[in-house]
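Coordinate inspection notes
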Amino acid sequence: MAKMSYRANVKIGNWTEDLRLDEDAKKEFLEKKERGELAAQKVDFLKQNMLSPVDLTVTSDGKLHFGDVVMLVNMGGEKRECSAVSINADVNSLIKIPSPGLQAPCGISAGSAIQPCTRTAFIITSVDGSPDRSTLHFEQSFALKTTSGFARGLYLTSDRQSFQKCAKKSRLQEVNLEGGSSFLSWWKIVHFDPQERLEYEGQPVHANVKVLIVHCKTNQALAALGDHVLWTAYGNEYEVTAHTFLDSHKVEKNNNHWMLCTSDPAGNSHLLLNHPHSAANNQELAQANPDIKKI
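**A few points about the pairing of strand E12 (residues 222-232)**
Within a regular strand, the side chains alternate between the two sheet faces. With eight bridges joining them, E12 and strand E13 (residues 235-242) adopt antiparallel strand pairing. Considered in E13, the bridge of Ala223 is made with Thr241. Here E12 hands over to E13 after two residues, the two strands then running antiparallel side by side.

**Re the environment of Pro194**
Topologically, Pro194 is positioned in helix H3 (residues 194-200). On a C-alpha basis, the gap between Pro194 and Val251 in space is 6.9 Å, while along the polypeptide they are 57 residues apart. Among all residues touching Pro194, those that are not within four sequence positions of it are Val251 and Glu252.

**Some thoughts on helix H1 (residues 15-35)**
Under the 1.5 Å per step criterion, the end-to-end length of H1 is 31 Å for 21 residues, consistent within 8% with the ideal 30 Å. Of the residues trailing H1, Gly36 is marked for its positive phi of about 70 degrees.

**Some points on the environment of Trp231**
Turning to its location among the elements, Trp231 is positioned in strand E12. Of the residues examined, Trp231 reaches a relative accessible area of 71% and is grouped as exposed. In this structure the C-alpha to C-alpha distance between Trp231 and Ser109, which are 122 residues apart in sequence, comes to 9.8 Å.

**Let's talk about the packing of aromatic side chains**
The final tally for this structure, using the stated rule, is three aromatic pairs. A centroid spacing of 6.0 Å and a plane angle of 75 degrees characterise the contact between Phe45 and Phe150, whose relative ring orientation is edge-to-face. Here Phe45 is found in helix H2 (residues 39-50), whereas its partner Phe150 is found in the loop between strand E7 (141-146) and strand E8 (155-158), with 105 residues between them in sequence. Phe150 sits in the buried class, given a relative accessible area of 11%. Consider the rings of Phe183 and Trp186, whose centres lie 5.3 Å apart with planes at 75 degrees: the pair is edge-to-face. Note on Trp186: relative accessible area 25%, which makes it partly exposed.

**A word on the pairing of E7**
Across the six residues that make up E7, a large majority, five, are buried. Taken together, the five bridges between strand E6 (residues 122-126) and E7 define a ladder with antiparallel strand orientation. Directly across from Ile123, in E7, lies its bridge partner Lys145. For E7 and strand E10 (residues 187-191), the ladder comprises two bridges, and the chain directions are antiparallel. Across the sheet, Ser141 pairs through a bridge with Lys188, a residue of E10.

**Observations concerning the pattern of salt bridges**
Going through the model one piece at a time under the given rule, you end up with eight salt bridges. Glu139 serves as the salt-bridge partner of Lys188, at 3.5 Å between the closest nitrogen and oxygen. Taken as a pair, Lys188 in strand E10 and Glu139 in the loop between E6 and E7 lie far apart in primary sequence, 49 residues in all. On the basis of relative accessible area, Glu139 is assigned to the partly exposed category, the value being 29%. Residues Lys217 and Asp159 are paired through a salt bridge, measuring 2.9 Å at the closest nitrogen-oxygen approach. Residue Lys217 is located in the loop between strand E11 (210-215) and E12, and its partner Asp159 is located in the loop between E8 and strand E9 (175-178); the two are separated by 58 residues in the primary sequence. Judged by relative accessible area, which is 32%, Lys217 ranks as partly exposed.

**Notes on the nonpolar core**
With 42 residues, the main nonpolar core has Leu72, Ile124, Ile189, Leu222 and Leu260 as its most contacted residues. Not counting residues up to four positions away in its chain, the partners in contact with Ile124 are Leu64, His65, Phe66, Gly67, Asp68, Val70, Leu136, Phe142, Ala143, Leu144 and Leu260. Membership of the second largest hydrophobic core comes to eleven residues, among which are Val73, Ala84, Ile114 and Ile123.

**Some words on unusual backbone geometry**
That bond from Ala104 to Pro105 is cis: its omega, -5 degrees, falls within 30 degrees of zero. Positionally, Pro105 belongs in the loop between strand E4 (101-102) and strand E5 (106-111). Phi at Lys79 takes a positive value of approximately 65 degrees, unusual for a residue other than glycine. With respect to the helices and strands, the residue Lys79 is situated in the loop between strand E1 (69-74) and strand E2 (83-88). Using a relative accessible area of 61% as the deciding quantity, one classes Lys79 as exposed. For Asn219, which is not glycine, the phi dihedral falls at a positive 60 degrees. Along the chain, the position of Asn219 falls in the loop between E11 and E12.

The rules behind each value
- Residues numbered from 1 in each chain as written.
- Predicted model: local features only at pLDDT ≥ 70, side-chain atom pairs only at ≥ 80, totals over all residues.
- Heavy atoms only, no water.
- Pairing = 2+ DSSP bridges.
- Helix = DSSP H or I, 4+ residues; strand = E, 2+ residues; numbered from the N terminus.
- Contact = heavy atoms within 4.5 Å.
- Expected span 1.5 Å × (residues − 1).
- Buried < 20%, exposed > 50% of the residue type's maximum accessible area, 1.4 Å probe, protein only.
- Phe/Tyr/Trp six-rings, centres within 6.5 Å; stacked < 30°, edge-to-face > 60°.
- Salt bridge = Lys/Arg side-chain N within 4 Å of Asp/Glu carboxyl O.
- Core = buried A, V, L, I, M, F, W, Y, C linked by side-chain atoms within 4.5 Å.

Set out below in structure tokens:
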């Protein structure tokens, strides 16, 4: 009587169907790879475009002007490193029609990578008809938009918080990037020292000095939150909201202190990061604006 035996090369079960499914899966994988639709390819494509270097404006007179390309840098504080406002885009934010780029709305965060690139570059844009290269003044309304091309020229926008629309972690007033310009995308520069604020109203804003960036509609200041960390494709970064943090003396905390940084006039495309003390800032601005007098 013959004895039934099986060897390793004996095929059992639905082997034909399994073989066809494996072949179809490999074929689909190769087709996606050719079209660049694999998840790893999308991430690489996103980072390649978002981290491409951008030349910041070199200011010859030390002041900010409409049309300047700047970075918004928070010098940090307790539980928070120095960080820059960055586009927080993932692969779901990509569109390929009519050309590769970001789609609105898109989130933002504050990353510790202080390098001028597509992620971190913003253009100071006029909203009141001021011509390009004209000087930006304290309390003057303006807009901040991303660079054109891959970043699509999206506007930094905010609105009053609600149950349906607020920041993910802190539940405070949300700040994101939208496709069109409106009153929700209007901001203004305010002197960081409340005692000097009235004196500097209407004076030119100097680059690379500590200021407040206040939302015109809600009167809330742009803030970086060290207690609320977001996981992004670029690492852990701080949540950015529009909320004015005050200490016991009714003075804005360093969460709200920002510098609109330009490139170093000496060349080499280095970021110019001055970190002077308050008195030095006041003295420098007072020397540049002799019309300002102490009360």
